[in-house]
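A structural walkthrough
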Amino acid sequence: MTVWHWVRHGPTHEKTFVGWRDVPADLTDTAQIARLSDHLPTPAIVISSDLIRASATADVLHHPERERLPHTADLRELHFGVWDGMHFTEVAARDPELSRAYWETPGDVIPPGGESWNQTAARVNAVVDQLNAVHPDAHIIAVAHFGVILTQVQRAMGASPTEAMAHKIDNLSVTQLSHHKGEWDIGHINHVP
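What you see is a predicted model; the values in this text were computed from it and never measured. (Residues numbered from 1 in each chain as written. Predicted model: local features only at pLDDT ≥ 70, side-chain atom pairs only at ≥ 80, totals over all residues. Heavy atoms only, no water.)

**Concerning the packing of aromatic side chains**
Stated formally: Side-chain rings of Phe, Tyr and Trp, where Trp is taken by its six-membered ring, are said to pair if the distance between their centres is within 6.5 Å; with planes under 30 degrees apart they count as stacked, over 60 as edge-to-face, and otherwise as tilted. For helices the rule is a DSSP run of H or I covering at least 4 residues; for strands it is a run of E covering at least 2, with both sets numbered from the N terminus onward. To sort residues, take the accessible area from a 1.4 Å probe on protein chains only and compare it with the maximum for the residue type: under 20% means buried, over 50% means exposed, and anything in between is partly exposed.
Here the structure, examined in full by the defined rule, presents eight aromatic pairs. Ring geometry for Phe17 against Trp83: centres 6.1 Å apart, planes inclined by 75 degrees, an arrangement best described as edge-to-face. Residue Phe17 is found in the loop between strand E1 (2–8) and helix H1 (30–39), and its partner Trp83 is found in the loop between strand E3 (66–68) and helix H3 (88–94); the two are separated by 66 residues along the sequence. A residue is classified by how much of its surface remains accessible, and Trp83, at 0% relative accessible area, is buried. An angle of 90 degrees between the planes, with centres 5.5 Å apart, marks the rings of Trp83 and Tyr102 as edge-to-face.

Below you can see the structure in the form of structure tokens.
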């Protein structure tokens, strides 16, 4: 069984859409980070998105018994395209129908210059499938983003994107999903140690 411990990166304090824009995480709450690290398993494999808010969060979870894999662009957040860096009200004013459809009927709706929920899920699923095949009996700590984690919650639930998006994913929380012979089990979603 491969047990995935999905960790959402530290907070960015951004008030605008943050997708592929590379903004740092606030990792100053060392007590919370210590609780998170203590909660996570050893030995384990650690992988992260290549965006600095995720890779830096993965770095602070270092432990001698955690093997750090190279970070990957395929674990990046949803790609918001031209909306990245815009406030929600600006996005709604610029693309009222498209932005509403993107959140209310996620799936194949694509923001200008970005990617759909389904495209994000496909690239994340490919990473997960590859690591499940290579590490069938491991604990994997994957430090990523809100949307990335929810694509995997959706997969484990066998649910729609809308049902998955109903879940809250806090910064520095852990969502535990297990994979065994093509079957998924949900341990917990959005646990904050």
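That was the structure; now back to the text.
**Focus: the packing of helix H5 (residues 117–134) against helix H6 (residues 146–157)**
Two numbers describe a pair of packed helices, the interaxial angle and the distance between the axes. How we decide: Only the contacting stretch of a helix is used when fitting its axis, a line to C-alpha atoms as for every element, and angles between N-to-C directions run 0 to 180 degrees. Reported orientations rely on four angle classes, namely roughly parallel under 35 degrees, roughly antiparallel over 145, roughly perpendicular from 65 to 115, and oblique for the rest. By definition in these notes, contact holds between two residues if any of their heavy atoms fall within 4.5 Å. Amino acid classes used here: Ala, Val, Leu, Ile, Met, Phe, Trp, Tyr, Cys and Pro are nonpolar; Asp, Glu, Lys and Arg are charged; the rest, including Gly, are polar.
Here H5 crosses H6 at 80 degrees, and the two axes come no closer than 9 Å. On the basis of their axis angle, the class for H5 and H6 is roughly perpendicular. The segment H5 lies against H6, with Trp117, Thr120, Ala121, Val124, Asn125, Val128 and Asp129 engaging Gly147, Val148, Leu150, Thr151, Gln152, Gln154 and Arg155. Its residues assigned to classes, the contact of H5 with H6 comprises six nonpolar, six polar and two charged.

**Side note on H6**
Selection rule: Given the number of residues in a helix, its expected span is that number minus one, multiplied by 1.5 Å.
Its twelve residues give H6 an end-to-end C-alpha distance of 16 Å, which sits within 8% of 16 Å, the value for a rise of 1.5 Å per residue. Counting buried residues in H6 gives nine out of twelve residues, a clear majority hidden from the surface. The set of residues buried in H6 consists of Gly147, Val148, Ile149, Leu150, Thr151, Gln152, Val153, Gln154 and Ala156. Looking at the packing, one finds that the buried side of H6 touches E1, H5, strand E4 (139–144), helix H7 (161–165), strand E5 (174–180) and strand E6 (183–191).

**Quick notes on the nonpolar core**
Filter applied, for reference: Residue types Ala, Val, Leu, Ile, Met, Phe, Trp, Tyr and Cys, when buried and joined through side-chain atoms within 4.5 Å, form a set referred to as a nonpolar core.
With 33 residues, the main nonpolar core has Trp4, Trp6, Ile47, Leu75, Trp83 and Leu131 as its most contacted residues. Of all the secondary structure elements, the ones that give two or more residues to this core are E1, strand E2 (44–48), H5, E4, H6 and H7. Once residues within four sequence positions are removed from consideration, Ile47 is found in contact with Arg68, Leu69, Pro70, Thr72, Leu75, Leu131, Ile140, Ile141, Ala142 and Val143. Ile33, Val46, Leu61 and Val143 belong to the second largest nonpolar core, which has 15 residues in total.

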